[in-house]
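This is what each chain is made of:
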Amino acid sequence: MSEFVVHGVPGSPFMRSVLVALEEKQAPYRVEALAPGATRTPEYRRLHPFGRIPAIRHGDFHLYETQAILRYIDATFAGRPLQPREPEAIGRMNQVIGINDWYLFPLVARVIVFERIVGPALFGKTPDEASIAAALPDARLCLGELDRLLGDHAYLAGDDFSLADVLLAPQIYYLAATPEGASILEGTALRAWLERVGERASMQATLPPQALRKAA
Ligand SMILES: N[C@@H](CCC(=O)N[C@@H](CS)C(=O)NCC(=O)O)C(=O)O
């Protein structure tokens with residue numbers, strides 16, 4: 001069987017999504033850990049020209065971009081499908097994935113989670129309160145909209161756990177650990193969803209390293 005290798009910095013939420021998908025499929029894999037900041041080296045840019053994480057290798061096949069990797073895992077490995085078949089659920093899953101990639105990660109998590117958790121834990125940085133305050137309106141908008149779309153469904157795309165949950169849970173896990181995220185999420189269906197999804201074996205098996213967990 002071809003070896004499946006995940007390259008990335010342990011604790012990265014996008015990398016955790018890939019690991020969660022592999023765990024859901026019970027697929028064997030190996031992590032090739034990079035040091036924080038090592039993603040811009042010429043060597044790593046051969047795997048990911050944009051210098052982001054994660055990237056994967058499966059046998060001779062290389063892939064980067066988390067969405068693409070998640071869909072590849074779902075198509076490659078047997079086990080419970082991670083994508084719905086009904087048109088509305090497919091639409092909702094893809095919409096939520098788009099919200100993460102265009103709004104939640106770049107405008108909210110990349111600022112608040114970095115300033116509150118990653119920067120202090122990995123780089124000894126003091127949080128930039130002005131940047132955090134500037135990201136708050138987008139944080140309320142994104143988390144509020146995800147909560148509205150979740151409604152009274154069990155999962156983000158409807159009744160079944162899907163790639164929408166796989167992508168969003170590691171991002172919202174960190175946001176929920178910041179004072180700003182905790183306050184926005186308090187009492188919401190999205191908070192209850194995070195608790196429920198967080199209990200899955202795949203999420204438990206992929207918890208961030210101790211330093212980031214302590215900071216969270
Ligand atoms: N569009 C990329 C985004 C990946 C991304 O931004 N990953 C973050 C870590 S969670 C990263 O590489 N940060 C390092 C950096 O920006 O230098 C994907 O979906 O894989």
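Quick summary incoming for the structure in this document. (Residues numbered from 1 in each chain as written. Predicted model: local features only at pLDDT ≥ 70, side-chain atom pairs only at ≥ 80, totals over all residues. Heavy atoms only, no water.)

## Things to note about the nonpolar core
- Core analysis: the largest hydrophobic core is formed by 58 residues, its most contacted members being Leu104, Leu168, Ile172, Leu190 and Trp193.
- Looking at this core, the elements that each hand over two or more residues are strand E1 (4-8), helix H1 (13-25), helix H3 (66-76), helix H4 (87-123), helix H5 (129-150), helix H6 (163-176) and helix H8 (189-198).
- Setting aside its immediate chain neighbours within four residues, leucine 168 contacts Val96, Asn100, Leu104, Leu146, Leu156 and Trp193.
- With 5 residues, the next largest nonpolar core counts Val9, Leu34, Tyr44 and Ala55 among its residues. (Core = buried A, V, L, I, M, F, W, Y, C linked by side-chain atoms within 4.5 Å. Buried < 20%, exposed > 50% of the residue type's maximum accessible area, 1.4 Å probe, protein only. Helix = DSSP H or I, 4+ residues; strand = E, 2+ residues; numbered from the N terminus. Contact = heavy atoms within 4.5 Å.)

## Section: the pattern of salt bridges
- Applying the stated rule across the entire model yields 10 salt bridges.
- Among the salt bridges present, the one from arginine 191 reaches glutamate 195, with a minimum N-O distance of 2.3 Å. Here arginine 191 pairs with glutamate 195, and both are found in helix H8, just 4 residues apart, close to one helical turn.
- Through salt bridges that share partners, Glu3, Arg30, Glu32 and Arg57 make up one connected network. (Salt bridge = Lys/Arg side-chain N within 4 Å of Asp/Glu carboxyl O.)

## Some details on the packing of aromatic side chains
- Taken as a whole, this structure holds 7 aromatic pairs when the rule is applied.
- On the numbers, 6.1 Å between centres and 35° between planes, the contact of phenylalanine 114 with phenylalanine 123 is tilted.
- For phenylalanine 123, a relative accessible area of 45% translates into the label partly exposed.
- Sitting over the ring of tyrosine 173, arginine 16 keeps its end group 4.7 Å from the ring centre.
- One cation-aromatic arrangement involves arginine 200 over phenylalanine 161; the distance from NZ or CZ to the ring centre is 3.7 Å. (Phe/Tyr/Trp six-rings, centres within 6.5 Å; stacked < 30°, edge-to-face > 60°. Lys NZ or Arg CZ within 6 Å of the ring centre and 35° of its normal.)

## Quick word on the site of the ligand
- Taken together, Ser12, Pro13, Phe14, Thr39, Arg40, Arg52, Ile53, Pro54, Glu65, Thr66, Phe105 and Arg110 make up the full set of residues near the ligand.
- Contacts to the ligand include glutamate 65, whose side-chain N or O atom sits 2.8 Å from a nitrogen atom.
- Here the ligand, which alone exposes 510 Å², has 80% of that area covered by the protein.
- Put simply, the parts of the chain that give the shell around the ligand at least two residues each are H1 and H4.
- Of the residues belonging to the shell around the ligand, the class tally is 5 nonpolar, 3 polar and 4 charged. (Near = heavy atom within 4 Å. Polar contact = N/O pair within 3.5 Å; in protein donor to acceptor, adjacent residues only side chain to side chain. Areas by Shrake-Rupley, 256 points an atom, 1.4 Å probe, with all protein chains shown as cover. Nonpolar A, V, L, I, M, F, W, Y, C, P; charged D, E, K, R; others polar.)

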